[in-house]
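Tertiary structure, described
So you can see what is in the structure, the chains are spelled out below.
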Amino acid sequence: MATAHERFPRPSLMGVVNVTPDSFSDGGAFLDPDAAAGRVLALVADGAAIVDLGGESTRPGSEPVSLDEELRRVVPVLERLAGGAPIAIDTCKAEVARRALALGAELVNDVTALRGDPAMAGVVAEAGCLVCLMHMQGTPRTMQVAPRYGDVVSEVSAFLEQRLAFCVAAGIPEERIVLDPGIGFGKAHEHNLALTRGLHSIVALGRPVLLGLSRKSMVGRLLAGPEPRRGSDAASVGAAVFALAQGVTLFRVHDVRLHADALTVAALLADG
Ligand code: HH2
């Protein structure tokens, strides 16, 4: 089994497919399992190293979905793909992760950093899969009500370091772990900006860093364009190139091809 560093050379891309009626970027578009599986394969063809498949929206204000409903959304997609595409399962539920891993998923992307379900660490340790630990203050339902920090960069770094130690103690090898500061998860605009500018501090923890900025309001608000709630793809690419220069490895993005070209060129220029 490859380590996270080996599996994701810098820069690598994580495409996004949400099998939900209410996701921020593509809610409702991929509820049909054939459409969702087709989208996964298209993103891989565009250059995604892995595709994040999610059956529960984490947008601000969203309500949790039941285990049965989440399984009903993602299992048919995984069955259609039959292990033929690299999949990250975006879930906080151990049973969803367990089923997805059995159906070929290779990474568990848990926005609670394994705090949401006490059985999750055991599932990940047993499977020997890759895992992404993301920082979030609060829960998706309430996280944007009044996010509060003293020093957001050091608090997020300390949290990720703690969760890394928790995982290692639970039998998950450090080499399999990816860290994510969780842009937009319990953070006001100024917190998102400070974290993006301070990404090198998260990179300094020594694990590959995953970043989800694509189409998020932080990017839209910087431009203050006609749709400030949602960043354009061009604006997202600009932010991603900035993040690459700070050492980010893996980019969770909606338009994979656009990011692949931009980040490949930026990385080649930097390395040369
Ligand atoms: N962002 C979203 C969902 N999952 N996982 C990680 N590790 N990092 C992120 O930044 C992240 C994530 C939100 O984006 P989107 O898929 O557009 O919307 P939704 O939450 O509605 O699924």
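Data block above holds the structure.
Residues numbered from 1 in each chain as written. Predicted model: local features only at pLDDT ≥ 70, side-chain atom pairs only at ≥ 80, totals over all residues. Heavy atoms only, no water.

Observations regarding the environment of T112
Turning to its location among the elements, T112 is positioned in the loop between β4 (107–110) and α5 (120–127). For T112, a relative accessible area of 11% puts it in the buried group. The spacing of T112 and V74 is 38 residues in sequence and 19 Å in space, taken between C-alpha atoms. With sequence-adjacent residues up to four places away left out, T112 is seen in contact with C92, M134 and M136. Polar side-chain contacts of T112 include one of 2.9 Å to the backbone nitrogen of G116. (Helix = DSSP H or I, 4+ residues; strand = E, 2+ residues; numbered from the N terminus. Buried < 20%, exposed > 50% of the residue type's maximum accessible area, 1.4 Å probe, protein only. Contact = heavy atoms within 4.5 Å. Polar contact = N/O pair within 3.5 Å; in protein donor to acceptor, adjacent residues only side chain to side chain.)

Section: the site of the ligand
In the vicinity of the ligand lie 20 residues, with T58, N109, D180, K216 and R252 positioned nearest. H254 places a polar side-chain atom, nitrogen or oxygen, 3.2 Å from an oxygen atom of the ligand. Here the ligand has 480 Å² of accessible area as a free molecule, and 97% of this is covered by the chains. Where the shell around the ligand is concerned, the elements lending two or more residues are β1 (12–18) and β5 (130–134). For the shell around the ligand, the class distribution of residues is seven nonpolar, eight polar and five charged. (Near = heavy atom within 4 Å. Areas by Shrake-Rupley, 256 points an atom, 1.4 Å probe, with all protein chains shown as cover. Nonpolar A, V, L, I, M, F, W, Y, C, P; charged D, E, K, R; others polar.)

With respect to the state of the cysteines
In total, this model carries zero disulfides according to the counting rule given. You can see C92 has no disulfide; the closest cysteine sulfur is in C132, sitting 12 Å from it. Taking the relative accessible area as the measure of exposure, C92 reaches 18% and is therefore buried. Free of any disulfide, C129 has its nearest neighbouring cysteine sulfur in C167, separated by 10 Å. For C129, a relative accessible area of 4% translates into the label buried. (Disulfide = S-S within 2.5 Å.)

Concerning the pairing of β1
The buried fraction of β1 amounts to seven of the seven residues, a majority that puts the element mostly inside the structure. Here four bridges tie β1 to strand β8 (residues 250–253), and the two strands are oriented parallel to one another. Counterpart to M14 in the pairing with β8 is R252. Note that β1 and strand β2 (residues 50–54) share five bridges and pair parallel. Across the sheet, residue V17 finds its bridge partner in β2, namely L53. (Pairing = 2+ DSSP bridges.)

Points about the nonpolar core
Among the nonpolar cores identified, the biggest contains 71 residues, and V108 and F251 are the most heavily contacted of them. When residues of this core are assigned to their parent elements, the largest contribution, seven residues, is made by helix α6 (residues 152–169). Filtering out sequence-adjacent residues up to four positions away, V108 remains in contact with I89, A97, L101, M120, V124, C129, L130, V131 and C132. Ranked by size, the runner-up nonpolar core spans 12 residues in total, among them A4, F8, A88 and C132. (Core = buried A, V, L, I, M, F, W, Y, C linked by side-chain atoms within 4.5 Å.)

Some remarks on the packing of aromatic side chains
Applying the stated criterion across every chain, the model contains zero aromatic pairs. Here the guanidinium or amino end of R163 rests over the ring plane of F166, the centre of that ring lying 4.2 Å away. (Phe/Tyr/Trp six-rings, centres within 6.5 Å; stacked < 30°, edge-to-face > 60°. Lys NZ or Arg CZ within 6 Å of the ring centre and 35° of its normal.)

Let's talk about the sheet that holds strand β6 (residues 177–180)
Strands sit in the order β6-β5-β4-β3-β2-β1-β8-β7 across an open sheet of eight strands; the sheet is parallel. One side of each edge strand has no neighbouring strand; the edge strands of this open sheet are β6 and β7 (210–211). Of the strand pairs in this sheet, β7 and β8 are connected by two bridges, and their pairing is parallel. Across the sheet, residue L211 finds its bridge partner in β8, namely F251. Here α6 sits on the sheet and contacts β5 and β6; the angle it forms with β5, its principal contact strand, is near 145°. In this fold helix α11 (residues 256–271) packs onto β1 and β8, with an angle of close to 170° to the strand it touches most, β1. (Axes fitted to C-alpha atoms, helices over the stretch in contact; angles between N-to-C directions.)

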